[in-house]
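Understanding the architecture of this molecule
Residues per chain are reported as follows:
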Amino acid sequence: MSKLEAILSQEVEAEIQALLQETEAKAEAIKREAEEKAKALLQARERALEAQYRAALRRAESAGELLVATARTQARGEVLEEVRRRVREALEALPKKPEWPEVVRKLALEALEALPGAKALVANPEDLPHLEALAKERGVELKAEPALRLGVRAVGAEGKTQVENSLLARLDRAWDALSSKVAQALWG
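Predicted, not measured: the structure shown is a model, and the values here were computed from it.

**Here we look at the overall build of the protein chain**
The helix and strand inventory of the protein chain stands at four helices and four strands. Along its sequence from the N terminus, the protein chain presents helices and strands in the succession α-α-β-α-β-β-β-α. The globule rule puts the C-alpha radius of gyration for 188 residues at 16 Å, and the 47 Å found for the protein chain is more than 25% above it. Expressed along its principal axes, the backbone C-alpha trace of the protein chain runs to roughly 155 × 35 × 25 Å. Working note: accessible area of the protein chain is about 13700 Å², and carbon and sulfur atoms make up 56% of it. Across the protein chain, the mean location of the 31 positive side-chain charges is 9 Å away from that of the 33 negative side-chain charges.

Pasting the structure below:
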């Protein structure tokens, strides 16, 4: 029986080896399949993360660009306001200059031309001496108004119609066009 046992043992051993090889092959195939799935899953996750990163980067860049644009716009507005403030200061310094009498006279002439039949010319008390000759020439009464600065007001009959011509009011009316030109000159 020993020969039979040896043959059976060899057959069992061969079957065990065959099953073992088959099992190892299946295990290897399962392992390869799992590795491929894991690799595919990892690559898909990496692509998704890369896409998220790029989207977040674009959002951050856009937000940064918006902040820069906002800051630039605010700075430009501040510069324009500074220019306006300095222009107002320059205008307010005009009464101390030797050319002021001629400037106030021209402002008065423009106001009188804009209101034919004016009966009075109103100006700051300090400007009245500069307007006396014009008032006599045009036959209008001169009146003082301390609050009226850097200009004059022509007043019609009974005071119902008035035309004010002051440098500050003219600056305010022209500021949009002027600030546009200043911005163009400064920033192109």
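**Let's talk about the side chain of Asn124**
With respect to the element layout, Asn124 can be found in the loop between strand S1 (120-123) and helix H3 (128-138). By relative accessible area, which is 13% here, Asn124 ends up buried. For Asn124, the side chain forms a polar contact with the main-chain oxygen of Pro146, separated by 3.2 Å. The residues contacting Asn124, other than those within four sequence positions of it, are Glu145, Pro146, Leu148 and Arg149.

**Here we look at a nonpolar patch on the surface**
There is a patch of nonpolar side chains on the surface, built from Val79, Leu186 and Trp187 and spanning about 250 Å² of accessible area. When you line up the elements, Trp187 lands in helix H4 (residues 167-187). On the accessibility criterion, Trp187 (32% relative accessible area) is partly exposed.

**Considering the UniProt feature "coiled-coil region" (unreviewed entry) in the protein chain**
Here the UniProt-annotated "coiled-coil region" (unreviewed entry) positions come out as residues 13-59. Secondary structure content for residues 13-59 is 100% helix and 0% strand, while the C-alpha to C-alpha distance between its ends is 67 Å.

**A short note on helix H1 (residues 2-93)**
Over its 92 residues, H1 runs 131 Å from end to end, which matches the ideal 136 Å to within 8%, given 1.5 Å per residue. Among the structural elements, H4 are those in contact with the buried residues of H1.

**What about the nonpolar core?**
Of all hydrophobic cores here, the largest spans 26 residues; its most connected members are Leu121 and Val152. Elements represented by at least two residues in this core include exactly H1, helix H2 (100-114), S1, H3, strand S3 (151-155) and H4. The element contributing the most residues to this core is H2, with seven residues. In contact with Leu121, not counting residues within four places along its chain, are Ala108, Leu112, Leu131, Leu134, Val140, Glu141, Leu142, Lys143, Val152, Arg153 and Ala154.

**Description of the confidence of the model for the protein chain**
With 99% of its residues at a pLDDT of at least 70, the protein chain reaches an overall mean of 89. When mean pLDDT is taken per element in the protein chain, S3 scores highest with 95 and H4 scores lowest with 86.

**Topic: the environment of Asn165**
Structurally, Asn165 is set in strand S4 (residues 162-166). For the pair Asn165 and Leu150, spaced 15 residues apart in sequence, the C-alpha to C-alpha distance is 8.7 Å. Not counting residues within four places of it along the chain, the set of residues in contact with Asn165 comprises Leu107, Glu110, Ala111, Leu150, Gly151, Val152 and Arg170.

**A word on H4**
Taken as a whole, H4 carries its principal kink of about 65° at Trp175. Those residues of H4 that fall on the buried side of the exposure criterion are Leu167, Leu168, Leu171, Trp175 and Ser179. Check the buried side of H4 and you find it contacts H1, H2 and S4. Backbone geometry just after H4 places Gly188 at a positive phi near 75°.

Conventions used here
- Residues numbered from 1 in each chain as written.
- Predicted model: local features only at pLDDT ≥ 70, side-chain atom pairs only at ≥ 80, totals over all residues.
- Heavy atoms only, no water.
- Helix = DSSP H or I, 4+ residues; strand = E, 2+ residues; numbered from the N terminus.
- Rg over C-alpha atoms; globule rule 2.2 N^0.38 Å.
- Areas by Shrake-Rupley, 256 points an atom, 1.4 Å probe, with all protein chains shown as cover.
- Lys, Arg positive; Asp, Glu negative; His and termini not counted.
- Charge placed at Lys NZ, Arg CZ, Asp CG, Glu CD.
- Buried < 20%, exposed > 50% of the residue type's maximum accessible area, 1.4 Å probe, protein only.
- Polar contact = N/O pair within 3.5 Å; in protein donor to acceptor, adjacent residues only side chain to side chain.
- Contact = heavy atoms within 4.5 Å.
- Patch = residues over 30% accessible without salt bridge, like charges linked within 9 Å, V, L, I, M, F, W, Y side chains within 5 Å.
- Salt bridge = Lys/Arg side-chain N within 4 Å of Asp/Glu carboxyl O.
- UniProt positions renumbered as here; feature names shortened; annotations may be inferred.
- Expected span 1.5 Å × (residues − 1).
- Core = buried A, V, L, I, M, F, W, Y, C linked by side-chain atoms within 4.5 Å.
- pLDDT = per-residue confidence, 0-100.
- Bend = angle between axes of the 7 residues up to and from the residue.

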